[in-house]
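What the coordinates show
Residues per chain are reported as follows:
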Amino acid sequence: VRLENNGGFASVRRALPNSDASAYKGVYVKCKAAMKERDEKKQFLLLAKDAECSRNFGTNFKSAFTVKSADDWEVKLFPFEKCFKKGERMGRPIERGPINVKEVTELGLMILRGEEAQVGNFGLDVEEFGFYV
């Protein structure tokens, strides 16, 4: 993450054409830090969008997480009922209900500037992600 040229975030996203996730409890990510000393201090974000978010530029749901190790895979769980209750647009809260789990359109990972530890090179190894029951 660099701060030059008004930078300060990096993200990767996967489109899910109107996936109905109502049969699931939430989203999981199996991941680990790419480099022990550097990435164990970083805070990452799981992003989720529903159809309403996709129609409104810059809106999404975010849930923060950290990784403990570069040696062992961790499974991070993000229950819909806890992690995707409040939407935002460009980092600012918006007035709307929780994510519509019947119309999930996108999942992604992000790192944002903020604390000094966030700036600089980073890596997050992801083995898999998806919905869990």
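Since we're looking at a predicted model, the values are computed, not measured.

Moving on: the state of the cysteines. Inspection of the entire model under this criterion finds zero disulfides. Lacking any disulfide linkage, Cys53 is separated from the closest cysteine sulfur, that of Cys83, by 15 Å. With no disulfide of its own, Cys83 has Cys31 as its nearest cysteine by sulfur position, at a separation of 13 Å. Cys83 gets classed as buried once you look at its relative accessible area, which sits at 18%.

Under the defined criterion, the tally for this structure stands at six aromatic pairs. Between Phe65 and Phe78, the aromatic rings sit 5.5 Å apart at their centres with planes inclined by 70°, giving edge-to-face as the arrangement. In this pair, Phe65 is assigned in strand E4 (residues 59-65) and Phe78 in strand E5 (residues 74-79), connecting sequence segments 13 residues apart. A network of ring pairs unites the aromatic residues Tyr24, Phe80, Phe84 and Phe131 as a single cluster.

This paragraph deals with the sheet that holds strand E2 (residues 26-33). Reading across the sheet, the three strands line up as E5-E2-E9 and stay open at both edges, with antiparallel pairing between neighbours. Strand pairing shows two members of the sheet lacking a second neighbour, E5 and strand E9 (124-132), which therefore form its edges. Geometrically, the sheet is characterised by an average inter-axis angle of 20° between neighbouring strands, direction not taken into account. Here six bridges tie E2 to E5, and the two strands are oriented antiparallel to one another. Within E5, the residue paired with Gly26 across the bridge is Pro79.

What counts and how
Residues numbered from 1 in each chain as written. Predicted model: local features only at pLDDT ≥ 70, side-chain atom pairs only at ≥ 80, totals over all residues. Heavy atoms only, no water. Disulfide = S-S within 2.5 Å. Buried < 20%, exposed > 50% of the residue type's maximum accessible area, 1.4 Å probe, protein only. Phe/Tyr/Trp six-rings, centres within 6.5 Å; stacked < 30°, edge-to-face > 60°. Helix = DSSP H or I, 4+ residues; strand = E, 2+ residues; numbered from the N terminus. Pairing = 2+ DSSP bridges. Axes fitted to C-alpha atoms, helices over the stretch in contact; angles between N-to-C directions.

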